[in-house]
Amino acid sequence: MPRSSKSKSWFPKIPAIAYEGAGTKNPLAFRHYNPDEMFDGKSLKEHMRFSIAYWHAFRGVGSDPFGPGTIVRPWESGKDAVSVAKTRMDAAFEFFAKIGAPFWCFHDRDIAPEGKTLAQSNKNLDALVAHAKDLQKATGVKLLWGTANLFSNPRFMCGAATNPDAHVVAYAAAQVKKAMDVTQELGGENYVFWGGREGYETLLNTNLKREQDHLGAFLHAALDYAKSIGFKGQFLIEPKPKEPTKHQYDFDVASGIAFLRTYKLEKYFKFNIETNHATLAGHTFQHEIEVAAAAGMLGSIDANAGDLLLGWDTDQFCTDHRELTLAMVSILRAGGLGTGGFNFDAKLRRPSIDLEDLFHAHIGGMDAYALAFKTARRILADGLFEKNVADRYASFDSGYGKDFEKGKLGFKELEKLVLTQLGEPKPQSGRQEYLENRLADYLTGSV
Ligand code: XUL
Ligand code: CO
């Protein structure tokens, strides 16, 4: 156990969360997530690679634009900001161990207080990274990814890598350099770039082309630095269409791919797809996963959910079996997430102020993903949908359809075919309602 938790538990009334199966009445138990259950020679724990987001779980206080925080934690006291941060981290690792999450994720400023100067901030960070290293060792919890907070401090109000002031860009570079150092120090398996305030509010004061060029140059410099320190983790872009800026440059996966290809970065990046970012972009979660998978760029998942009626990033825990099953079908079909995982970038609702709420939230999220994983495996094993899709495109498997796919037939040849042989195509049903009913069979467990 972590050093300080030998003497003190921050969650004395809450036991380590165990799998008790679907029939249990115990709210502090897993119904579907049995970490030791084996699938294809790998435990469910290894398949899911669940991760806790430090910023929500341990820095979130329930504040919103209309009022301050509501959530008060017992560990938030101490003689100075660094010692409070250490105690908070003890509580965090006790939570990771009790919920059974094998990974965590953080922004530099989540774990250590920002100082008056960059040198002071780096010093604070070093102190907390040393502490995290001890706690990782004691609990076996690993770092899924690290990142830099380039959006909270007022210096970043007009962006970081895309700031109109070169001084701010330099500061952002220095901060990312350090964040990459500490991610490597803690064995981070990925490094994430979410666009923060990389975007704009009005073109009256913005040179869009120049800002995008700067973002390209910044990411190249990050790659060069990673190479120079021997960082082997995967680089991930996390798209989001809006919020905080009106127009974020990494709008969605498709625009992210176009950006990466434009700046010759596509070989070095994959995507960290967040459910609520997908829906804010007007896409389904599954759509974003499929677009990334089609490009061989599916990296990791920020697991959460938005609200159908609200147009902002509500970052709720997702318990929607249908949405997650469809997402898991696409993820499993793509061969999984590799070094990625499912990171709960999700926060408690403002009135959810009890310590137990933090457990209920993550138990629900983990169970929902585990159930979706199992349902998706049944769907893929049966192959009903796969077969339907294959049949739908069967005309491209041979003959002129195959020749067209191979680029062997041009417009003239295709015209000749229609005029001389094919005539009018015979309409074929898309069978959507039939397929939705079959999906319902899987979701309700009736097949
Ligand atoms: C913001 C968001 C971030 C990233 C990491 O919407 O999702 O927390 O995941 O910077
Ligand atoms: Co996120």
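Here's a quick rundown of the structure. (Residues numbered from 1 in each chain as written. Chains lettered and ligands numbered in written order. Predicted model: local features only at pLDDT ≥ 70, side-chain atom pairs only at ≥ 80, totals over all residues. Heavy atoms only, no water.)

## Thoughts on the sheet that holds strand β7 (residues 142-147)
So, point 1. In spatial order, the strands read β5-β6-β7-β8-β10-β12-β13-β14; together these 8 strands close into a barrel with parallel pairing. Going across the sheet, the axis of each strand differs from the next one's by a mean of 30°, ignoring polarity.
So, point 2. Two elements, strand β5 (residues 50-53) and strand β14 (residues 342-344), share 3 bridges in a ladder whose sense is parallel. The partner of Ile52 across the bridge, within β14, is Phe344.
So, point 3. Packing of helix α8 (residues 253-262) onto the sheet brings it into contact with β10 (234-238) and β12 (269-274), and relative to β12 it is tilted by some 160°. (Pairing = 2+ DSSP bridges. Helix = DSSP H or I, 4+ residues; strand = E, 2+ residues; numbered from the N terminus. Axes fitted to C-alpha atoms, helices over the stretch in contact; angles between N-to-C directions. Contact = heavy atoms within 4.5 Å.)

## Notes on the coordination of the cobalt ion (ligand 2)
So, point 1. Ligation of the cobalt ion (ligand 2) by protein atoms is provided by Glu238 (OE), Glu274 (OE), Asp302 (OD) and Asp345 (OD), these donors lying 1.9 to 2.1 Å from the ion.
So, point 2. Relative to the metal, the 6 donor atoms surrounding the cobalt ion (ligand 2) lie at angles of 81 to 170°, and the coordination shape comes out octahedral.
So, point 3. Read in sequence order, the donor residues for the cobalt ion (ligand 2) give the motif E-x35-E-x27-D-x42-D. Note that Glu274 is positioned in strand β12 and Asp302 in strand β13 (residues 298-302), a separation of 28 residues in sequence.
So, point 4. For Glu274, a relative accessible area of 1% gives the class buried. (Donors = N, O, S within 2.8 Å, 3.2 Å for Na, K, Ca; no water. Tetrahedral: all angles 85-135°; square planar, octahedral: opposite > 155°, others 65-115°. Buried < 20%, exposed > 50% of the residue type's maximum accessible area, 1.4 Å probe, protein only.)

## A look at the pattern of salt bridges
So, point 1. All told, the structure shown has 19 salt bridges when counted by the stated rule.
So, point 2. One salt bridge connects Arg109 with Glu114, and the closest N-O pair in it is separated by 3.5 Å.
So, point 3. A relative accessible area of 12% places Arg109 in the buried class.
So, point 4. Among the salt bridges present, the one from Arg333 reaches Glu386, with a minimum N-O distance of 2.7 Å. Here the residue Arg333 occupies a position in helix α11 (residues 321-333), and Glu386 occupies one in helix α13 (residues 384-392), the gap between them amounting to 53 residues. (Salt bridge = Lys/Arg side-chain N within 4 Å of Asp/Glu carboxyl O.)

## Things to note about the packing of aromatic side chains
So, point 1. Under the defined criterion, the tally for this structure stands at 35 aromatic pairs.
So, point 2. Centroid distance Phe11 to Phe359: 5.4 Å. Interplanar angle 80°. Geometry classified as edge-to-face. One end of the pair, Phe11, is in the segment before β1 (18-19); the other, Phe359, is in helix α12 (residues 355-382), and 348 residues separate them in sequence.
So, point 3. Grouping aromatic residues by their ring pairs yields a cluster made of Trp10, Phe11, Tyr54, Phe58, Trp75, Phe93, Phe95, Phe96, Trp104, Phe106 and Phe359.
So, point 4. One residue, Arg155, lies across the ring of Tyr171, its end atom 3.9 Å from the ring centre. (Phe/Tyr/Trp six-rings, centres within 6.5 Å; stacked < 30°, edge-to-face > 60°. Lys NZ or Arg CZ within 6 Å of the ring centre and 35° of its normal.)

## Observations concerning the packing of helix α3 (residues 81-99) against helix α5 (residues 118-139)
So, point 1. Contact pair α3 / α5: the axes reach a minimum separation of 10 Å and the direction vectors enclose 20°. Here α3 is positioned roughly parallel relative to α5, judged by the angle of their axes. Here α3 runs over α5; the crossing is right-handed. Within the contact between the two elements, α3 uses Val82, Ala85, Lys86, Met89, Asp90 and Phe93 and α5 uses Asn124, Ala127, Leu128, His131, Ala132, Leu135, Gln136 and Thr139.
So, point 2. Of the residues contributing to the contact of α3 with α5, the split by class is 8 nonpolar, 4 polar and 2 charged. (Parallel < 35°, antiparallel > 145°, perpendicular 65-115°, else oblique. Left-handed = near helix turned anticlockwise from the far one by under 90°. Nonpolar A, V, L, I, M, F, W, Y, C, P; charged D, E, K, R; others polar.)

## Section: the environment of Val182
So, point 1. Position of Val182 among the secondary structure elements: in helix α6 (residues 166-185).
So, point 2. Linking Val182 and Ala130, residues 52 residues apart in sequence, is a C-alpha distance of 9.5 Å.
So, point 3. Apart from residues no more than four positions distant in its own chain, Val182 is found in contact with Phe106, Leu125 and Val129.

## Here we look at the site of ligand 1
So, point 1. Ligand 1 sits among Trp55, His107, Trp145, Trp194, Glu238, Lys240, Glu274, His277, Asp302, Asp313 and Asp345.
So, point 2. For ligand 1, an oxygen atom lies 3.2 Å from a polar atom in the side chain of Trp55.
So, point 3. Within the side chain of Asp302, a nitrogen or oxygen atom sits 2.9 Å from an oxygen atom of ligand 1.
So, point 4. When ligand 1 sits alone it has 300 Å² of accessible area, and the protein chains cover 93% of it. (Near = heavy atom within 4 Å. Polar contact = N/O pair within 3.5 Å; in protein donor to acceptor, adjacent residues only side chain to side chain. Areas by Shrake-Rupley, 256 points an atom, 1.4 Å probe, with all protein chains shown as cover.)

## Examining the nonpolar core
So, point 1. Counting 111 residues, the largest nonpolar core has Phe58, Phe96, Ile99, Trp104, Phe235, Ile301 and Tyr369 as its most contacted members.
So, point 2. The element best represented in this core is α12, accounting for 12 residues.
So, point 3. Those residues within four positions of Phe235 in sequence are excluded, and the remaining contacts are Met180, Tyr191, Phe193, Ala222, Leu223, Ala226, Tyr268, Phe269 and Lys270.
So, point 4. By size, the runner-up hydrophobic cluster in this structure holds 8 residues, among which are Phe103, Trp145, Val192 and Leu236. (Core = buried A, V, L, I, M, F, W, Y, C linked by side-chain atoms within 4.5 Å.)

## Examining α6
So, point 1. Between its first and last C-alpha atoms α6 spans 29 Å; for 20 residues at 1.5 Å apiece the expected length is 28 Å, and the two agree.
So, point 2. Looking only at α6, the buried set comprises Val168, Val169, Tyr171, Ala172, Gln175, Val176, Lys178, Ala179, Met180, Val182 and Thr183.
So, point 3. Taking the backbone nitrogen of His167 as reference, a side-chain oxygen 2.9 Å away marks Asp165 as the first, capping residue of α6.
So, point 4. The positive-phi residue at the C-terminal boundary of α6 is Gly187, with phi of around 75°. (Expected span 1.5 Å × (residues − 1).)

## Describing a nonpolar patch on the surface
So, point 1. A cluster of nonpolar side chains, contributed by Leu308, Leu309, Leu310 and Trp312, occupies part of the molecular surface with about 540 Å² of accessible area.
So, point 2. On the secondary structure map, Leu310 appears in the loop between β13 and α11.
So, point 3. Judged by relative accessible area, which is 33%, Leu310 ranks as partly exposed. (Patch = residues over 30% accessible without salt bridge, like charges linked within 9 Å, V, L, I, M, F, W, Y side chains within 5 Å.)

## Observations regarding the side chain of Thr275
So, point 1. Inspection of the secondary structure puts Thr275 in helix α9 (residues 275-280).
So, point 2. Ignoring any residue separated from it by four or fewer positions in sequence, one finds Thr275 in contact with Phe285, Asp302, Ala303, Asn304, Ala305, Glu323 and Tyr369.

## Quick look at the pairing of β12
So, point 1. Counting buried residues along β12, 5 of its 6 residues qualify, which places the element largely inside the surrounding structure.
So, point 2. As paired strands, β10 and β12 are joined by 3 bridges and run parallel to one another. Counterpart to Leu236 in the pairing with β12 is Lys270.
So, point 3. Taken together, the 4 bridges between β12 and β13 define a ladder with parallel strand orientation. Directly across from Phe271, in β13, lies its bridge partner Leu298.

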